[in-house]
Amino acid sequence: MNFDFSDDQKQLRDQARKFLAEKCSPKAVRVVLDGKAPYDKELWKGLAEMGFLGVAIPEEFGGAGAGHLELCVIAEEMGRANAPVPFSSTVYLAAEALLIAGSDAQKKKWLPAIASGEAIGTLALFEGKGNPAPKNVKLTAANGVLNGVKKPVADGGIADFAVVAARTGSSGRENDISLFLVDLKAGGVEVNNLTNLDPTRGQAELTFKDCKAEPLGAAGEGWSILTQVLDRAAVLCAFEQVGGSDRALEMGRDYALDRIAFGRQIGSFQAVKHMLADMYVSATLARSNSYYGAWALSTNAAELPEAAAAARISATQAFQHCAKNNIQVHGGMGFTWEFDCHMYYRRANAMALGLGSLSYWEDQLIDRMRKKNAA
Amino acid sequence: MNFDDTPQEAEFRATARAWIGANAPKQYEEELRKSSLGRTVLKNANILEVAKAWQKKKADAGWACLHWPKEYGGRGSSPIERVIWQQEEGPFGQLSRMFIIGHGMCGPTMMAFAREEHKRTYLPPLASGEKVWCQLFSEPAGGSDVAGLRTRAEKDGDDWIINGQKIWTSGAHYSDYGILLTRTDPTVPKHKGLTMFFLDMKSPGVEVRPIKQASGASDFNEVYFTNVRIPDHQRLGEVGDGWNVSLTTLMNERSAIGAAVSTGFPELFEYCSSLMLDDGPAIEDRAVRSKLANWAVKASGLKYTSMRAISALSRGERPGPENSIGKLVAGSMIQDVATYALDLQGAAGVVSGEDAELAGRFQAMLLRAPGTRVEGGTDEIMRNIIAERVLGLPGDIRVDKDVPFNKIPTKGRG
């Protein structure tokens, strides 16, 4: 049995970690956090040069053609560094949607641009409150023209193109939904930036008014494609969350060793030790569930839907738990703007909502486990 | 990344599977499969006899104590082969429970510290299940603080005279031998005055009194020693070095990898899949689904953590203290799962035994679960291990560390 990443993949992880430690310090993250830039353009360029943006994109479309396991190890490092770039929206959502359902022409147009860092993409799914569900898609598509409002759209304020979920039928079922590809710079879309929990990754409202769009995938297949995209993104996001969990745990551990109170390192108090031990436990369970997700994703296994939901839940819980208790270990310092704890706390809680909430994924997991048991 | 065996592993698995298929006591398979934490009983057979027979059969064919050297009754297998065996043995592995302490802890301690002649005499019948061993460490005053024990050993010519009391001794009532940690010098700090022995449990002066547990079962015992004589050649390690010897034992206790940890989740999921609540099937209730999902990811997290550890074994690496999380997570989870399964039964959940829903499976689990959180290191000790050995945090402050044992206070108040 070899349920682990290969030496080459681990080397890639080290390489990404080293690169991000240098190019994505907390100070660099703060430039975006403080609103001085919408994202870190230099870092984005650097990621493209390193080949990280196109690591899972086939060579014929300008990528490195390595695969999803390689993308997982990079995702972990993006989460560890809290990178202020549109990585998840472009690479996990837009690129994966293109890989699953794009025509040859669409892939040729957008995938090389993603790999080279020239195009930022996103997925426009949500319309206000509510979780992913066909009935929550109200934006309409008729004769290749979209009308409606999407919000929140991750990185919608800086994206060049969006994959948009639209209603093309009226039966109220899944096959009412189709996907469209929209060039956001071509007019017909009004973009409003929204303030949000995690300013290091922007959110926007996109208003489509008689906006021209081309279909992505077959008509009526939208929901089935979306489900696959969300499952893949759930695994990849889980690795970001695992990276974030580990970093938050490390920060808490280091502070517990440095800080003296009542004449001792606070890490010698059992209450603090046990809090950190529990953080380690949840981060470890999340890592193991995510590895299973990575295996299912990379082999396109029938277990992917279940594995993706488990990775999503476990990693969301772990990141929230570690980020929250990292602040607690830091005491009063922990909730100052000056210390970095809140950046991970923000990211953990924003990521918990990005692909649909925790309760949505809990529901999905049980459905999928039942289906497997019935099969 | 894959779950595949290497060619050698696959060959070993096939051989093991074929032998188990041809030799295991199949008539008990269903009962063993359905037994949950807190209850492994065979309706029409004495489980001790069935277990001994299965162990003997394994030993005769060279399948006992896989990781032990051959000359002591083992097979000289690699750690990964031991894991594969456990996977293949499946529910029949339940029958090994009464040998766990002997095989996992006493045997390795004997191998490290006993004289060669003793190893050759005592280890093979331990491996084959003909003789059962127990471990006499815990005392009323020394549980998590093992080194706080008070059982005395005093030198008398070539013998030692033992007086004192042990407690929580699993299986002492059917054990033939035991390893015993004693205090030989109360005037030095507690870790420095301990010495380890092994002894015949039938020795004059040894009295075993079963303890009735909260569950009603009696798996544990109190053991009293009144002027018990142990010859000096049955000493394990040097006089005063008992603490180091016991660390060998305890490290072996916590390094069991790959055995499926019981979490209660498969049982709960199965139950919820068929249970009807007032408003419809339990599995369709939002609150039930949320609870199930939370436990599902803990159970799968443990499963794949263990797969990662097995992969490390497969590469020839030794798993570290991070594997303490299995018991820590599973222990409180099984308790919570049992509580919730009873909650779903409403007032009927109070009925236990054969009259209860599912023949009292969850009630038995509930009453046994607190023990899992204590035995082999409490939840608190497991958290300390993770904090200190994995995360590198400072050890607990020990105010009695440099105090002679006989000067350490014995009462909290007055």
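Thresholds, definitions, all that
- Per chain, residues are indexed from 1 in the order of the written sequence.
- Chain A is the first chain written and ligand 1 is the first ligand written, with later ones labelled in order.
- It should be noted that, the model being predicted, local features are given only for residues of pLDDT at least 70 and side-chain atom pairs only at 80 or more, the latter also being counted only at that level, while totals for whole chains, interfaces and linings use all residues.
- The side-chain quantities take in all heavy atoms of the structure and omit both hydrogens and water.
- In this text, helices come from DSSP runs of H or I with a minimum length of four residues, and strands from runs of E with a minimum of two, each type numbered from the N-terminal end.
- Both definitions apply: the radius of gyration is a C-alpha atom measure, and the globule rule equals 2.2 Å times residues to the power 0.38.
- Whether a residue is buried, partly exposed or exposed follows from its accessible area with a 1.4 Å probe, protein chains only, as a fraction of its type maximum: under 20%, in between, or over 50%, in that order.
- Here, two residues are considered to be in contact whenever any of their heavy atoms come within 4.5 Å of each other.
- Throughout, the Shrake-Rupley method with a 1.4 Å probe supplies accessible areas, and for residues the shown protein chains are the sole cover considered.
- Under the convention used here, Asp and Glu are negative, Lys and Arg are positive, and both His and the chain ends fall outside the count.
- To locate a charge, the coordinates of NZ of Lys, CZ of Arg, CG of Asp or CD of Glu are taken.
- Salt bridge criterion: a side-chain nitrogen from Lys or Arg within 4 Å of a carboxyl oxygen from Asp or Glu.
- Side-chain rings of Phe, Tyr and Trp, where Trp is taken by its six-membered ring, are said to pair if the distance between their centres is within 6.5 Å; with planes under 30 degrees apart they count as stacked, over 60 as edge-to-face, and otherwise as tilted.
- Computed with a 1.4 Å rolling probe, the buried area is the accessible surface lost when two parts are put together, summed over both parts.
- Pairing of N or O atoms within 3.5 Å defines a polar contact, subject to two protein rules: one partner must be a possible hydrogen donor and the other a possible acceptor, and residues neighboring in sequence count only if both atoms are side-chain atoms.
- When residue character is reported, Ala, Val, Leu, Ile, Met, Phe, Trp, Tyr, Cys and Pro are called nonpolar, Asp, Glu, Lys and Arg charged, and the others, Gly included, polar.
- Angles here are taken between N-to-C directions and fall from 0 to 180 degrees, while the axes themselves are lines fitted to C-alpha atoms, restricted in helices to the stretch in contact.
- Oblique is the label for every angle not falling under 35 degrees (roughly parallel), over 145 degrees (roughly antiparallel), or within 65 to 115 degrees (roughly perpendicular).
- Left-handed describes a crossing whose near helix is turned anticlockwise from the far helix by less than a right angle; the clockwise case is right-handed.
- Put simply, a nonpolar core is a bunch of buried Ala, Val, Leu, Ile, Met, Phe, Trp, Tyr and Cys residues held in one set by side-chain atoms that sit within 4.5 Å of each other.
- In this scheme, a helix's expected span is set at 1.5 Å multiplied by one less than its residue total.
- Any two strands with at least two DSSP-identified bridges between them are counted as paired.
- Note that the arc is defined by the directions from the helix axis to the C-beta atoms.

A. Up close: the overall build of chain A. Broken down by element type, chain A carries 11 helices and 10 strands. For chain A, whose C-alpha radius of gyration is 20 Å, the value lies close to the compact-globule estimate of 21 Å for 375 residues. Along the first, second and third principal axes, the C-alpha set of chain A runs to 75 × 50 × 40 Å. Of all 375 residues assigned to chain A, the portion counted as buried reaches 60%. In chain A, the share of contacts with a sequence separation of at least 24, taken over all contacts with a separation of at least 6, comes to 73%. Carbon and sulfur atoms provide 51% of the accessible area of chain A, an area that totals close to 14,500 Å². In chain A, 40 side chains carry a positive charge and 43 a negative one; their mean positions are 5 Å apart.

B. Seen up close, the environment of Leu-71 of chain A. Summarising the element assignment, Leu-71 of chain A is placed in helix α4 (residues 68-81). Between the alpha carbons of Leu-71 of chain A and Leu-184 of chain A there is a distance of 26 Å; along the sequence they are 113 residues apart.

C. Focus on the pattern of salt bridges. Within this structure, the stated rule accounts for 48 salt bridges over all chains. Notably, a salt bridge pairs Asp-198 of chain A with Arg-347 of chain A, separated by 2.8 Å at the nearest N-O pair. You can see Asp-198 of chain A sitting in the loop between β6 (189-194) and β7 (203-212) and its partner Arg-347 of chain A sitting in helix α10 (residues 341-354), a full 149 residues away along the chain. Arg-347 of chain A shares its class with Asp-198 of chain A; the two are buried. Residue Asp-156 of chain B is joined to Arg-229 of chain B by a salt bridge in which the shortest nitrogen-to-oxygen separation is 2.5 Å.

D. Spatial organisation of unusual backbone geometry. Here the amide bond leading from Lys-151 of chain A into Pro-152 of chain A is cis, since omega sits at -5°, within 30 degrees of zero. Counting through the fold element by element, Pro-152 of chain A comes out in strand β3 (residues 145-154).

E. Quick look at the packing of aromatic side chains. Scanning all chains against the criterion turns up 32 aromatic pairs over all chains. Centre to centre, the rings of Trp-295 of chain A and Phe-3 of chain B are 5.0 Å apart; their planes meet at 75°, and the pair counts as edge-to-face. With Trp-295 of chain A in helix α8 (residues 270-299) and Phe-3 of chain B in the segment before α1 (7-23), this residue pair bridges two chains. Classification of Phe-3 of chain B as partly exposed rests on a relative accessible area of 23%.

F. Examining the interface of chain A and chain B more closely. Contact with chain A, which involves 45 residues of that partner, is made by 49 residues of chain B. Both sides of the chain A and chain B interface together cover about 4,300 Å² of buried area, and 63% of this is carbon and sulfur. The tally of links from chain A across to chain B stands at 7 salt bridges. Put simply, Arg-289 of chain B and Asp-367 of chain A hold a salt bridge, and the shortest N to O gap is 2.9 Å. At the boundary of chain A with chain B, the tally comes to 28 residue pairs in polar contact (both at pLDDT 80 or more). Going through the elements one at a time, α7 (222-258), β10 (264-265), α8, α9 (304-330) and α11 (358-374) of chain A are the ones with two or more residues in the side of chain A that touches chain B. Ranked by residues supplied to the side of chain A that touches chain B, first place goes to α8 of chain A with 17 residues. The class makeup of the residues in the side of chain A that touches chain B is 21 nonpolar, 13 polar and 11 charged.

G. Local environment of the packing of α9 of chain A against helix α9 (residues 286-314) of chain B. Relative orientation of the contacting elements α9 of chain A and α9 of chain B amounts to 95°, with a least axis distance of 9 Å. What the angle tells us is that α9 of chain A and α9 of chain B run roughly perpendicular. On α9 of chain B, the residues that touch Ala-310, Ile-313, Ser-314 and Gln-317 of chain A of α9 of chain A are Ala-293, Asn-294, Val-297 and Ser-300 of chain B.

H. Local environment of the packing of α1 of chain B against helix α4 (residues 79-89) of chain B. Residues and elements named next belong to chain B. Contact geometry for α1 and α4: axes closest at 9 Å, N-to-C directions at 40°. Crossing handedness for the pair α1 and α4: right-handed. The segment α1 lies against α4, with Glu-9, Phe-12, Arg-13, Ala-16, Arg-17, Trp-19 and Ile-20 engaging Ile-80, Glu-81, Ile-84, Trp-85, Gln-87, Glu-88 and Glu-89.

I. The nonpolar core, seen in detail. In terms of nonpolar packing, the biggest core is built from 170 residues, with Leu-47, Phe-87 and Leu-146 of chain A touching the most fellow members. The dominant element in this core, judged by the number of residues it contributes, is α7 of chain A, at 12 residues. In contact with Leu-47 of chain A, not counting residues within four places along its chain, are Phe-19, Leu-20, Phe-52, Leu-53, Met-78 and Val-85 of chain A. Within the second largest apolar cluster, 28 residues are counted, among which are Ala-256, Ala-277 and Cys-322 of chain A together with Leu-302 of chain B.

J. Looking closely at the environment of Ala-218 of chain A. Take Ala-218 of chain A: it is sitting in the loop between β8 (214-216) and α7. Residue Ala-218 of chain A is classed as partly exposed on the basis of its relative accessible area, which comes to 46%.

K. Representation of helix α10 (residues 325-344) of chain B in the model. Residues and elements named next belong to chain B. With 20 residues, α10 should reach 28 Å at 1.5 Å per residue; the first-to-last C-alpha distance of 28 Å fits that figure. For α10, a buried count of 16 out of 20 residues is recorded, marking the element as mostly surrounded by other parts of the structure. At the exit of α10 stands Gly-346, carrying a positive phi of roughly 65°.

L. View of the pairing of strand β7 (residues 220-231) of chain B. By the bridge criterion, 7 bridges tie strand β3 (residues 159-166) of chain B to β7 of chain B in an arrangement that is antiparallel. In the strand pairing of β7 of chain B, Trp-160 of chain B is matched with Ile-230 of chain B.

M. Seen up close, helix α6 (residues 116-127) of chain B. Residues and elements named next belong to chain B. Here α6 is 12 residues long and its end C-alpha atoms lie 16 Å apart, about the 16 Å a rise of 1.5 Å per residue gives. Looking at α6, one finds that the buried residues are His-118, Lys-119, Tyr-122, Leu-123, Leu-126 and Ala-127. The buried residues of α6 occupy one face: seen down the axis, they fall within an arc of 125°. Summarising the contacts, the buried residues of α6 are in contact with α3 (47-60), α5 (100-113), β1 (133-136), β4 (177-183) and β5 (194-200). Immediately downstream of α6, the backbone of Gly-129 shows phi near 80°, a positive value.

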